[in-house]
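Each chain, written out:
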Amino acid sequence: MKKINPILKYVLTLISLFRSNIRDYGMYIALAVIFITFQVMTQGVFLGPINFTNLLNQTAYVAVLAVGMTLVIVTRQIDLSVGYLGAFLGAYVVVAVENQNWPVVIALLVGLLITIAVGFIKGFLIAKIKVPSFVVTLAGMFIFKGFLMNRTNNRTISTSNEFFNKLGIGYLTDNIVGQLNLLTFSIGVVVILFILIFSIQKRIKNTKLNIPVEIPEVFLTKLVFLIVMVLFIAYNLAIYRGISWLLMITVAVVVIYHIFTTQTVLGRRIYAVGGNPEAAELSGINVKAIIIIVFISMGILSLISGVMYASYVQNTSPNHGPFWELYAIAAAYIGGTSANGGVGKVVNAVIGSVVMMSLKNGMALSGVNANIEPIVLGTVLLLAVIFDIYTRNVRTIDLVGVYYANKHHHQELMEAKGNYAQAKTALSNAKKDGKNTLEYEYAVTSAQGIYNRVKEKIRNAKHEDFQGLVR
Amino acid sequence: MKNKILEMHNITKTFPGVRALDNVNLYVEEGEIHFIVGENGAGKSTLMKVLSGIYPSGSYSGDIVFQNHTKHFQNIKDSVDCGIIIINQELALFPDLSIYENIFVGHENGKSFVNWDETRRLAKYYLDMVGLKVDIYQLVGSLGVGKQQLIEIAKALSQNVKLLILDEPTAALNESDSENLLKLLVSLKSKGITSIMISHKLREVQKIADSLTVIRDGKVITRLTKDQINEQEIIRNMVGREIEDIFPKRPKYIDGPVVFQTVHLNAFSKEINRYVVNDSNISIRKGEVVGVAGLMGAGRTELAHTIFGNLDNYKLTGSVIVYDQKVNLKSPQDAIKHGIAYVSEDRKRDGLILAEDIGQNITITALQKISNMGFLNFINQAQHTEKYVKDLNIKTPTILQKVKNLSGGNQQKVQVGKWLFSEPKILILDEPTRGIDVGAKYEIYTIINQLVASGMSILLISSELPEIMGMCDRVYVIAEGVQTAEFKIEDATPEKILEKATL
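Just so you know, these numbers come straight off a predicted model, no measurement behind them.

Glancing now at the environment of Gln-360 of chain B. Considering the arrangement of structural elements, one finds Gln-360 of chain B in helix α13 (residues 358-363). For the pair Gln-360 of chain B and Lys-155 of chain B, spaced 205 residues apart in the sequence, the C-alpha separation amounts to 45 Å. Setting aside residues no more than four positions away along its own chain, Gln-360 of chain B makes contact with Arg-268 of chain A together with Gln-381 of chain B.

Here's what the structure looks like:
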């Protein structure tokens, strides 16, 4: 057999990679489509430096909530209270600082104590008393709305403290719009260096441990793609005002939670509890404690999110809070978190929040009727979950292998196909003649079985199988 | 020759990694009682799921011919409409509904409004037919398993059953209930109802079978008719090898010190309001394999959970002594700390995290071994995993394989590996070979032998008497939570154990 053309091989390998891992890439493809669509619809404004910076700042509070919500959903729970809880905590801190003249740190610390206590109570009711989390947090939603109304006294209170200004609308460095922000750009370069070192290190480690690694072409393609993305983001931010504190905090939260969920014992236990609570319990994991911890973590992130939002809009108001939790839940689901528990990545939930907020931002920017927006958001959420279900059992495919197998088994395939067609004609003839068709039906199904088996064999072929045969 | 009511031709069904059914050919004649026998995991239940449309047409290859028509059942409703009704081991009844409601669930009497008078009249009629004398208003949950079984059959009759399939109906029944059921099947036969029965109990087979098919490793081995049926012949076909080949040779046990003991241990279940463990006094010696035999529902698993500290619904009295020290096992964590491990009965339900990979599953019992200051060391994890994959001969392309993609036998080995990782001194194995093929069973038995040789002690819970007889040094028999007998293995016979298990 002749060796496959290297360019065709490269393309086929990339397509195989996409098709085999469509679940992981689906969201990025969706995001790319959304970006390009709005970029066209807004004549280049959408991805321009100003709007791009705005988009990330708008996303921040949802992204932080979505990170916590992912863990809640991973442990097979739900938290409907985080919207009003976040808004209440934001109001708590703002009122303490602005009206009661507390130092910011004290206000934040008291807020932290409150939210830890609340998280503990929620977790305790759910894990120990076994009240469904839907009910507990639905009650929480009402209660915190009341707290919010009381705390703000039903008035909008503006923020004036420097802390809120810095956090909500401030950037790492002050610089003149239009000039390249050096700090931001250097951070971008450092990130790229990190990516390079980490991916190469991981590849070497996996090779040592006999864990299969991607072929070099794919590895390099991925790397180049990642670097281009980071460069784009860094450049886009750098030529406006640089990195905002909102973005900085969000990234910090995501990095901490990513490490927490993938690298620590506690993270592993959280996913084990979500994957199979009974097995986790019998494996010596304190399931109840884990669930309480997850709700406390959700509470802490609600505090961060609430303060971020109040700072961003520079006020606190009794109208804050509705739908935040639902945005967070939607972001987690769009990010591929499984409602059955045990599966979900915090980074993907953040991408999910970017998808949501891009839609909101893009539609507003391109002048789409605002009444349409929720309909689109709902539809996208639904499509994302449908996609997830449809791709649940995607089998890996190796198109290079299929290419070789098609050549190698050509004869066999044609034969089986012919036999199958023949058996079918024989059956229809027998039907016409009014004969007993039982025997013919057996012949058809057995020929079909053989044909299917050959097709399966080709479908499942791996290119390694043909190494000896290819010259 | 009589009419064949059912023929199954060349049925092949594969699951990832296993061919569960391999070209199975089987037929049943009209009005007979046909038995399907085979070891656990031979493919009997899979075959019945194919027949009843639980696995839809297209997910397997081959033909089903029922009353001379090829059938392509897409779901269980299709097969029920044809009069093929399957009664599974786990009964599909609603405990909080009354008997008459249960009988007509899913095919209610009346087009849009239910005709309750007619429903109750018919319910009584069908109850009479199965010989059950109870009030139709009673809740099904308040009846015993034997009576529930009869209600399932009444339900089948009300659906105009032509072919009744019973999947191990007597496994959970006591002697007299089993006897009743067999009588009922014979009387249904006289009314023209054909039955297929899956059973392990060869005594039943000899009593009422008109014919039988033996299945082994997904293949039909032979079909025997009434006059050909005898026990030796069935066993030889079922097992396909001599008993010495099923169980690896083990040396005779030499007494060691007692390492584990329960003293007047009781567990009261608040849920079902009775004692599930009733005055248990067991002891295990170093390097010994101790069996626990008993029927389904006798309290074997409950005993294991009690010892293992999984007590959410239990109230406990009595003591557990590990290495001469009275211990208080309030949670699985405590049990693990004292060197006890529990390989659970249902590996999918409460043993493994199916969506995670082999390494994640194996290391979960002792994450402190692969972590430093709470951070995981993945190289360490991979090395440990690699070791268990090799030692236990887990067949997998890579150690990153998700456990759900492994075959039953390999999943079970992962479960064993996960507990060996916690370095236990006492290993509780609850039905360790359920649903895995003969080859994998042999490997599990070999592992058991290696473990006891290295000084571990094993409590082996099993519903398969050959397994108890072949692997244990000593056996306790329990029935309804009560420990009814203790035998040295050389004094035990399957008959003696069964007698004590059915009190």
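Having seen the model, we can carry on.
It is worth spelling out the confidence of the model for chain B at this point. When pLDDT is averaged along chain B, the result is 88, and 97% of the positions lie at 70 or above. For this predicted complex, the interface confidence score (ipTM) comes to 0.84, while the overall pTM stands at 0.85.

Phi at Asn-153 of chain A is positive, roughly 55°, even though this residue is not glycine. As for its position among the elements, Asn-153 of chain A is in the loop between α6 (133-152) and β1 (157-158). Of the residues examined, Asn-153 of chain A reaches a relative accessible area of 52% and is grouped as exposed. With phi around 45°, Tyr-323 of chain B is a residue other than glycine that occupies positive phi space. Along the chain, Tyr-323 of chain B turns up in the loop between β15 (314-322) and β16 (325-327). The class of Tyr-323 of chain B is partly exposed, set by a relative accessible area of 37%.

Moving on: the packing of aromatic side chains. All names here are of chain B. Tallied over the entire structure, the rule returns 27 aromatic pairs over all chains. Geometrically, the ring pair formed by Tyr-388 and Phe-421 is edge-to-face, given 6.2 Å between the ring centres and 80° between the ring planes. Of this pair, Tyr-388 sits in helix α14 (residues 378-391) while Phe-421 sits in the loop between α15 (408-420) and β20 (426-430), and the two are 33 residues apart along the sequence. Residue class for Tyr-388 comes out buried when judged on its relative accessible area of 9%. In this arrangement the basic side chain of Lys-387 is found over the ring face of Tyr-388, its NZ or CZ atom lying 4.8 Å from the centre.

Between chain A and chain B, the contact holds 31 residues from the first and 43 residues from the second. Summing the contributions of chain A and of chain B, the shared interface buries around 3,100 Å²; its carbon and sulfur component is 59%. Linking chain A to chain B there are zero salt bridges. Counting across the interface, chain A meets chain B through eight residue pairs in polar contact (both at pLDDT 80 or more). At the level of elements, α10 (245-263), α11 (265-275), α12 (277-282) and α19 (438-459) of chain A are the ones that each hand at least two residues to the side of chain A that touches chain B. Residue contributions to the side of chain A that touches chain B peak at six residues, all from α11 of chain A.

This next bit is on the pattern of salt bridges. Residue and element names in this part refer to chain B. Counted according to the given criterion, the structure contains 26 salt bridges over all chains. A salt bridge links Glu-118 to Arg-121, with the nearest nitrogen and oxygen atoms 3.0 Å apart. With Glu-118 and Arg-121 both in helix α4 (residues 116-129) and three residues apart, the pair spans about one turn of that helix. Among the ionic pairs, Lys-207 bridges to Glu-179, the shortest N-O distance being 2.9 Å. Of the two residues, Lys-207 sits in helix α7 (residues 202-208) while Glu-179 sits in helix α6 (residues 175-190), which places them 28 residues apart along the sequence.

About the cut-offs
Position labels on residues start from 1 in each chain and follow its written sequence. Starting at A for chains and at 1 for ligands, labels are handed out in the order in which the entities are written. Predicted model: local features are reported for residues with pLDDT of at least 70 only, side-chain atom pairs are reported and counted for 80 or more only, and whole-chain, interface and lining totals are derived from all residues. With hydrogens and water stripped out, all remaining heavy atoms of the structure feed into the side-chain values. By definition, any uninterrupted DSSP run of H or I lasting at least four residues is a helix, any uninterrupted run of E lasting at least two residues is a strand, and each is numbered from the N terminus. In what follows, residue pairs with any heavy atoms lying within 4.5 Å of each other are defined as contacts. pLDDT is a residue-level measure of predictor confidence that goes from 0 to 100. Using a 1.4 Å probe on the protein chains alone, a residue whose accessible area is under 20% of its type maximum counts as buried, one over 50% counts as exposed, and one in between counts as partly exposed. Pairing of aromatic rings covers Phe, Tyr and Trp, the last counted by its six-membered ring, and requires centre-to-centre distances within 6.5 Å; plane angles under 30 degrees mean stacked, over 60 mean edge-to-face, and any other angle means tilted. Criterion for a charge above a ring: Arg CZ or Lys NZ at most 6 Å from the ring centre, at most 35 degrees from the ring normal. Throughout, buried area stands for the accessible area (probe radius 1.4 Å) lost by two parts on being put together, summed over both. Any carboxyl oxygen of Asp or Glu within 4 Å of a side-chain nitrogen of Lys or Arg constitutes a salt bridge here. Under this definition, polar contacts are N or O atom pairs within 3.5 Å; protein pairs additionally need one hydrogen-donor-capable and one acceptor-capable atom, and for neighbouring residues in sequence, both atoms have to be side-chain atoms.

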